[in-house]
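The primary structure of each chain is shown beneath.
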Amino acid sequence: MARGRLRIYLGAAPGVGKTYSMLSEAHRRVERGTDCVVAFVEHHGRPRTEVMLHGLEEIPRRELEYRGAVFTEMDIDAVLARRPQVALVDELPHTNVPGSRNAKRWQDVEELLAAGIDVVSTVNIQHLESLGDVVESITGVRQQETVPDEVVRRADQIELVDMSPQALRRRMAHGNIYQPDKVDAALSNYFRPGNLTALRELALLWVADRVDEYLNAYRSEHRVSTIWGSRERIVVGLTGGPEGRTLIRRAARLAEKGAGGEVLAVYISRSDGLTSASPKELAVQRTLVEDLGGTFHHVVGDDVPAALLDFSRGVNATQIVLGVSRRKSWQYVFGPGVGATVARESGPDLDVHLITHDEVGKGRGLPVAHSRLSRARILWGWLVGVLGPVLLTLLLTTAAPAVGLANDMLLYLSLTVAAALLGGLLPALTSAVVGSLLLNWFFTPPVHTLTIADPENIVAIAIFVGVAVSVASVVDLAARRTHQAARLRAESEILSFLAGSVLRGETSLEALLERVRETFGMESVALLERASDVEPWTCAGSVGLRPCRTPEQADVDMPVGEHLTLALSGRVLPASDRRVLAAFAAQAVVVLERQRLRHEADQAKELAEGNRIRTALLAAVSHDLRTPLAGIKASVSSLRSDDVEWSEQDRAELLEAIEAGADRLDHLVGNLLDMSRLQTGTVTPIVREADLDEVVPMALGGVPEDSVELDVPETLPMVDVDKGLLERVVANVVENAVKYSPAGTPVLVKASSMADRVEVRVVDRGPGVPDEAKERIFEPFQRYGDSPRGAGVGLGLAVARGFAEAMGGTLTAEDTPGGGLTMVLSLPPAQGRRPGRPDLSAAVTS
């Protein structure tokens, strides 16, 4: 069974007339006798679209119930059973109601096409999956219903339904698209002229690319080699010379004269890689052509004119822009040049422009390769290449005049090779020339003349020169390749470091920027960012002295995306270093994003912790507030009752119960307030010198008599603390110990001095706490075992530890030998004080 054909009406926005055009096409097909049915069409209450449904057969829809509501969807089984020639299916990206056979309507359409049924459908440009981010940035609305681009691209026909933004807004204002109560909101939001213009451009460009694909496919299938000038494509031939910038700008001006013009810059290099243009100049020209909206291409080919023409015909170019040759007049004896050859062989379908420039007639010469050898090696190379043949000649003419011409040539050749190994190509070439002249003058008959009598000797000297030049070239090439390999090894090590930092999770932006500064020997490195093209630059991170604040201030800037750039100052980097710099810049952006994500995660963690504390607070306080309030209310109600005559003892007990409940509420509220201060970081201790034997006894006023045994020597050093906070810490810890101590067993509060710390130990003989729970008991709203009842909301120890740390101390839990729990409060001693009581004599004297 042949697969059905898909026709899509594509629009830039709702209301341009896609459904209307689809229904008009259906009427035309019905008039021609085609079996056409409406599988699913939504008219959205638009009268003109609804009228177009008259006269067309409609397949009844399928009703589905979802969340208490009834929805209608296309009944795909009914359409397959009806088997029409053409089915109209509106809104291809639509998401079906849960319970349908397929999740998306385009999947229903695929079933119809597979059954051999032709389908006509509609799509808006904003529903294409690849354009979701672009549409959201334009309209501010994220489309939830999308269709894969490939589904639309596979359509046999795509017809653009176009309408100007002004006409669409008039149609909206007349109430032809939305209900009157929605018109004003739509016109002022989604249907703004700027939004509609941008969406229209997206639709036109997408369809243009699709048409271009059709054209290229057709030319490939029919083997059409001639150029069809459907739109202007201008190829710029670059040599890597400075004239390339002039050619690119000229091509851009030519492209602007034609609608939809496109510029393609191409550089053609030889396959052996022995000659190449300046990488720095090519990088500049690549940036220039991309800034002008064109593309840059690198092509390998030994025959430059043929490669340039093949590339131009392959991209269906209409024009080629070349620069007038830089060769001098005498150099034309070697050939007509690239420009003349391309113009001669381009044919009638490809125009060639030869552009004049400032470099015309100045000569090209060989590309100069910057030597990577040390000055000492170059100097030794020149000495061996120039003085070596002279000294060898003196040696051979005086000490060994009869070794033979062949041996003489080998000796001179060894000097040429040595010069190449030491100094590179130029000393070796000089050595070959000097050696050949000396061989001819001193050792080739007739001697002391530049003429050569024996033809065999002519061949021998020619071979000597050829071998010398070849060996020198190979040695120089090997040296360059060795340098390239060393450079690539260094680059690979740097990139390996970057990859390792990613795997290790290193997220310090400053450390990475410092690595960039050290690697490239810069004075400063800064990562700059801005919110948009019109916003000022801000520094996300920097290292070094006087970091750049804008890319214009930098000696080197490496853009990363649209609104981030890495700015370096100190020196100008060669183009060959920019590849590694680009890797550093990309990693810097990753590190910056990771830092921000970590910060957001920390904030989310703080919010989650706050929510957890609030939840625990509500759960715990609900009981601890209700109990004392209920007791107070019951006691007050009893005292106010006229039905019972209370004795003085009963009244005293009720008043005592009221006071105890109020004290418990006061203690609870105090702990809650203290915990909130700790959570918000508003605890500011007022640190003063204090004696423990004065502060600790004052903290024991709230515990029962004979429940605490105190051991605080008067000879202890003074401590730097906030007296109020220290009193609260000791009180909370002691009250907690008393609650869990057995009846009749007092809690020991003992203070001592150890090295540079003063410790207060609160020892109880209660049930103790396992090691895994010793830290958990200091968390808010934690009561170990939730026993005994009425032990509070679990804030006492959390508040105590928070206050202790705010004063520069610590609060930890240890096991009591023999059973129980010991709380250890460690405090810093007063600065400049020796152990013992403070010396008051000076104060008294003054």
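Conventions used here
- Residues numbered from 1 in each chain as written.
- Predicted model: local features only at pLDDT ≥ 70, side-chain atom pairs only at ≥ 80, totals over all residues.
- Heavy atoms only, no water.
- Helix = DSSP H or I, 4+ residues; strand = E, 2+ residues; numbered from the N terminus.
- Buried < 20%, exposed > 50% of the residue type's maximum accessible area, 1.4 Å probe, protein only.
- Areas by Shrake-Rupley, 256 points an atom, 1.4 Å probe, with all protein chains shown as cover.
- Axes fitted to C-alpha atoms, helices over the stretch in contact; angles between N-to-C directions.
- Parallel < 35°, antiparallel > 145°, perpendicular 65-115°, else oblique.
- Left-handed = near helix turned anticlockwise from the far one by under 90°.
- Contact = heavy atoms within 4.5 Å.
- Nonpolar A, V, L, I, M, F, W, Y, C, P; charged D, E, K, R; others polar.
- Phe/Tyr/Trp six-rings, centres within 6.5 Å; stacked < 30°, edge-to-face > 60°.
- Lys NZ or Arg CZ within 6 Å of the ring centre and 35° of its normal.
- Core = buried A, V, L, I, M, F, W, Y, C linked by side-chain atoms within 4.5 Å.
- Patch = residues over 30% accessible without salt bridge, like charges linked within 9 Å, V, L, I, M, F, W, Y side chains within 5 Å.
- Salt bridge = Lys/Arg side-chain N within 4 Å of Asp/Glu carboxyl O.
- Lys, Arg positive; Asp, Glu negative; His and termini not counted.
- Charge placed at Lys NZ, Arg CZ, Asp CG, Glu CD.
- Pairing = 2+ DSSP bridges.
- Arc of directions from axis to C-beta.

(A) Spotlight on the overall build of the chain. Looking only at helices and strands, the chain features 24 helices and 24 strands. Residue burial in the chain is summarised as follows: out of 846 residues, 40% are buried. When the accessible area of the chain is evaluated, it comes to approximately 45,700 Å², of which 55% is carbon and sulfur surface.

(B) Structural context of the packing of helix 14 (residues 375-398) against helix 16 (residues 425-443). Remark: helix 14 packs on helix 16, axes separated minimally by 8 Å, with the N-to-C direction vectors making an angle of 20°. It follows that helix 14 is roughly parallel to helix 16 by the angle criterion. Both helix 14 and helix 16 take part in a crossing whose hand is right-handed. Facing helix 14, whose interface residues are Gly381, Trp382, Gly385, Val386, Pro389, Val390, Thr393, Leu396 and Thr397, helix 16 presents Leu426, Pro427, Thr430, Ser431, Val434, Gly435, Leu438, Phe442 and Phe443. Broken down by class, the residue content of the contact of helix 14 with helix 16 amounts to 11 nonpolar, seven polar and no charged.

(C) Quick peek at the packing of aromatic side chains. Scanning all chains against the criterion turns up zero aromatic pairs. The positively charged end of Arg61 is found above the aromatic ring belonging to Phe40, 4.0 Å away from the centroid. The ring of Phe40 carries the charged tip of Arg105 above its face, separated from the ring centre by 3.9 Å.

(D) Here's a closer look at the nonpolar core. Counting 61 residues, the largest nonpolar core has Leu88, Leu112, Ile125 and Trp206 as its most contacted members. Among the elements that line this core, the one with the most residues is helix 9 (residues 193-221), at six residues. Residues contacting Leu88, with those up to four places away along its chain left out, are Met22, Leu23, Ala26, Cys36, Val37, Val38, Ala39, Phe40, Val41, Leu56 and Val120. Residues Leu700, Leu716, Val733 and Leu797 belong to the second largest nonpolar core, which totals 41 residues.

(E) Molecular detail of a negative patch on the surface. A grouping of Glu653, Glu656, Glu659, Asp663 and Asp666 is seen on the molecular surface, where their side chains present a negatively charged patch. Within the secondary structure layout, Asp666 lies in helix 20 (residues 648-680).

(F) Structural view of the packing of helix 15 (residues 405-423) against helix 16. At their nearest, the axes of helix 15 and helix 16 sit 7 Å apart, and the two run at 160° to each other. In terms of their interaxial angle, helix 15 and helix 16 are classed as roughly antiparallel. The hand of the helix 15/helix 16 crossing is right-handed. Contacts between helix 15 and helix 16 involve Leu405, Asp408, Met409, Tyr412, Leu415, Thr416, Ala419, Ala420 and Gly423 from the former and Leu425, Pro427, Ala428, Ser431, Ala432, Gly435, Leu438, Leu439 and Phe443 from the latter.

(G) How the structure looks around a nonpolar patch on the surface. Side chains of Leu379, Trp380, Trp382, Leu383, Val386, Leu387, Val390, Leu391, Leu394 and Leu426 sit close together on the surface and give an oily, nonpolar patch of about 970 Å² of accessible area. Of all the elements, helix 14 adds the most residues to the nonpolar patch, at nine residues. Take Trp382: it is sitting in helix 14.

(H) Examining the sheet that holds strand 22 (residues 757-763) more closely. The strand order across the open sheet formed by five strands is 19-21-22-24-23, and the pairing between neighbours is mixed. If you trace the sheet from one side to the other, it starts and ends with strand 19 (708-711) and strand 23 (810-815), each paired once. Taken pair by pair, the neighbouring strands of this sheet meet at an average axis angle of 20°, ignoring direction. One ladder, built from four bridges, connects strand 19 with strand 21 (residues 747-754); its direction is parallel. Bridge pairing in strand 21 links Asp711 to Lys750. Against the sheet, helix 22 (residues 723-740) contacts strand 19, strand 21, strand 22, strand 23 and strand 24 (821-827), and its axis sits at roughly 170° relative to strand 24. The strands touched by helix 23 (residues 796-806) within the sheet are strand 23 and strand 24, with strand 23 carrying the most contacts at an inclination of about 130°.

(I) Representation of the sheet that holds strand 14 (residues 524-529) within the structure. With respect to topology, four strands assemble into an open sheet ordered 15-14-17-16, the strand pairing being antiparallel. Looking at which strands have only one partner, the edges of the open sheet turn out to be strand 15 (538-544) and strand 16 (556-560). When the angles between neighbouring strand axes are averaged without regard to direction, this sheet yields 15°.

(J) How the structure looks around the pattern of salt bridges. Within the structure shown, the criterion is met by 22 salt bridges. Here Arg7 and Glu159 are joined by a salt bridge, their closest N and O atoms 2.4 Å apart. One end of the pair, Arg7, is in strand 1 (residues 6-11); the other, Glu159, is in strand 8 (residues 157-161), with 152 residues separating them in the sequence. On the accessibility criterion, Arg7 (13% relative accessible area) is buried. With relative accessibility at 34%, the residue Glu159 sits in the partly exposed group. Between Arg154 and Glu110 there is a salt bridge; the shortest N-O distance is 3.3 Å.

(K) View of the pairing of strand 24. Counting buried positions over the seven residues of strand 24 gives seven, a clear majority of the element. Residues Leu821, Met823, Leu825 and Leu827 point to one face of strand 24 and Thr822, Val824 and Ser826 to the other, with burial holding for every one of them. When strand 22 meets strand 24, the two strands line up antiparallel, connected through six bridges. Each residue of the ladder has a partner; that of Val763, found in strand 24, is Thr822. Relative to strand 24, strand 23 is paired through six bridges, and the arrangement is antiparallel. Looking across to strand 24, one finds that Glu814 is bridged to Thr822.

(L) Fine view of helix 13 (residues 338-345). The complete set of buried residues in helix 13 reads Gly339, Thr341 and Val342. Projected onto a plane normal to the axis of helix 13, the buried residues spread over an arc of 165° and lie on a single side. As for helix 13, its buried residues are in contact with helix 12 (304-314), strand 12 (319-323) and strand 13 (351-355). Two residues or fewer after helix 13 comes Gly347, characterised by a positive phi angle close to 85°.

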